[in-house]
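Read off the chains here:
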Amino acid sequence: MRIDCKHVWEHISAYIDGEVDAKVRAEIDRHLETCEICSAVLDSTRNVVVLVADDRVFELPAGFSDRLHARLDRELELR
Amino acid sequence: MTAHNPEFETECIRRILSGEKQLFHTLIRPCERPVYFLLLSLLHNEAEAEDAAQETAIKVYRNLHLFRGDSQFRTWVLSIARNEGLGRLRKVETRREDSLEGLAEDQSGDFTPAILASWREVPVEALERKELGALLRTAIEDLPVIYRNVVLLRDIEEMDVRETAAALGITEGAVKVRLHRARAMLQRELAPKLKGFAPKRARLFGWGA
């Protein structure tokens, strides 16, 4: 059975995380070989996932850690 | 040995409870980032998220004797952070956006990806350009809170499905569904805008030249 694009999109997230079973993965891989649109959708989704994981995207506010540990020190002195 | 090592954590907790209080700094340090960003996701306000993160750390310290070790330490800390965040949200009834109802219920929406004919990869080096980081942050901040929380823990803090589910008090199935939808929404929002950050031509000569 040949799967369609919509079916591939439903599995994209699990596919990226390596969580689809071997049979579905093989079907998707076969589909990707000939479908440029699904390949682009998959590549772009994976690209977004990689970019948001970079530590530069979300950084703790300057001095956050110092203020936290200073407050903890006050608490630790009390108890 | 890192503080993510359960044996180290158990030993650390034992020593803190027997009086080596200063070790608590070491124990809590690896949790700082996920705690802050989970609270920021819930509260949408940097100052309040920071205050709530400090409050969380103090509650963790005061309740340390209650940690039983049946979950990872970080998961336990994140569930305390989540309760702290939800408690604060409940106090602010006027916050219509991201209402508490939204936390319990999956929202319907369009999870169809942006259709593209081709894709040129945007390398992480492109994050040297501040506007790319800003673009990604805005897209994540604009997600409904139930999706934002999952992206934050799974994709940004890189926690596994099980730990994310435990920290958010939802099933592993819900984590997967929400992550899938969130990624689809992010791809749809970001793919057209990211194109400008891809290397212009031959990568051999460096990107963005």
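Data block above holds the structure.
Definitions and limits used
Residues numbered from 1 in each chain as written. Chains lettered and ligands numbered in written order. Predicted model: local features only at pLDDT ≥ 70, side-chain atom pairs only at ≥ 80, totals over all residues. Heavy atoms only, no water. Helix = DSSP H or I, 4+ residues; strand = E, 2+ residues; numbered from the N terminus. Rg over C-alpha atoms; globule rule 2.2 N^0.38 Å. Buried < 20%, exposed > 50% of the residue type's maximum accessible area, 1.4 Å probe, protein only. Contact = heavy atoms within 4.5 Å. Areas by Shrake-Rupley, 256 points an atom, 1.4 Å probe, with all protein chains shown as cover. Lys, Arg positive; Asp, Glu negative; His and termini not counted. Charge placed at Lys NZ, Arg CZ, Asp CG, Glu CD. Buried area = accessible area lost by both parts, 1.4 Å probe. Salt bridge = Lys/Arg side-chain N within 4 Å of Asp/Glu carboxyl O. Polar contact = N/O pair within 3.5 Å; in protein donor to acceptor, adjacent residues only side chain to side chain. Nonpolar A, V, L, I, M, F, W, Y, C, P; charged D, E, K, R; others polar. 1 Å grid on protein atoms, 1.4 Å probe; cavity = no way out; pocket = protein on both sides within 12 Å on 5 of 7 lines; lining within 4 Å. Points joined across faces, edges and corners; volume = space filled by probe spheres on them.

Caption draft 1: Quick peek at the overall build of chain A. In terms of helices and strands, chain A carries five helices and zero strands. The N-to-C order of helical and strand elements in chain A reads α-α-α-α-α. Compactness check: chain A gives a C-alpha radius of gyration of 22 Å against a globular reference of 12 Å for 79 residues, more than 25% above the reference. Projected onto the principal axes, the alpha-carbon positions of chain A cover approximately 70 × 25 × 15 Å. Expressed as a percentage of its 79 residues, the buried residues of chain A come to 51%. Across chain A, every contact between residues at least 6 apart in sequence was considered, and the portion connecting residues at least 24 apart equals 54%. For chain A, the computed accessible surface area is about 4300 Å², with 51% contributed by carbon and sulfur atoms. Placing the 11 positive and 17 negative side-chain charges of chain A at their respective mean positions leaves the two points 3 Å apart.

Caption draft 2: Here's a closer look at the interface of chain A and chain B. At the junction of the two partners, chain A supplies 42 residues and chain B supplies 53 residues. Of the roughly 4500 Å² buried between chain A and chain B on both sides combined, carbon and sulfur atoms contribute 64%. Taken together, the connections running from chain A to chain B amount to seven salt bridges. Among the ionic pairs, Arg183(B) bridges to Asp17(A), the shortest N-O distance being 3.1 Å. Our count for the contact surface shared by chain A and chain B stands at 21 residue pairs in polar contact (both at pLDDT 80 or more). Put simply, the parts of the chain that give the side of chain A that touches chain B at least two residues each are helix H1 (5-10), helix H2 (12-16), helix H4 (36-52) and helix H5 (64-78) of chain A. With 13 residues, H4(A) is the single largest residue contributor to the side of chain A that touches chain B. The class makeup of the residues in the side of chain A that touches chain B is 20 nonpolar, seven polar and 15 charged.

Caption draft 3: Molecular detail of the side chain of Gln187(B). Relative to the helices and strands, Gln187(B) is located in helix H10 (residues 172-194). Residue Gln187(B) is classed as buried on the basis of its relative accessible area, which comes to 0%. One polar contact links Gln187(B) to Ser44(A), side chain to side chain, over a distance of 3.0 Å. Leaving out residues up to four positions away in the same chain, Gln187(B) has contacts with Val41(A), Ser44(A), Thr45(A), Val48(A), Pro113(B), Ala114(B), Leu116(B) and Pro192(B).

Caption draft 4: Region of the structure containing the layout of surface pockets. Volume-wise, the largest pocket comes out at about 380 Å³. Around the largest pocket, the lining comprises 18 residues; the ones closest to its centre are Arg56(A), Val57(A), Phe58(A), Glu59(A) and Arg137(B). At the level of secondary structure, the elements contributing two or more residues to the lining of the largest pocket comprise helix H3 (32-43) and helix H7 (130-141) of chain B. Within the lining of the largest pocket, the residues separate by chemical class into eight nonpolar, two polar and eight charged.

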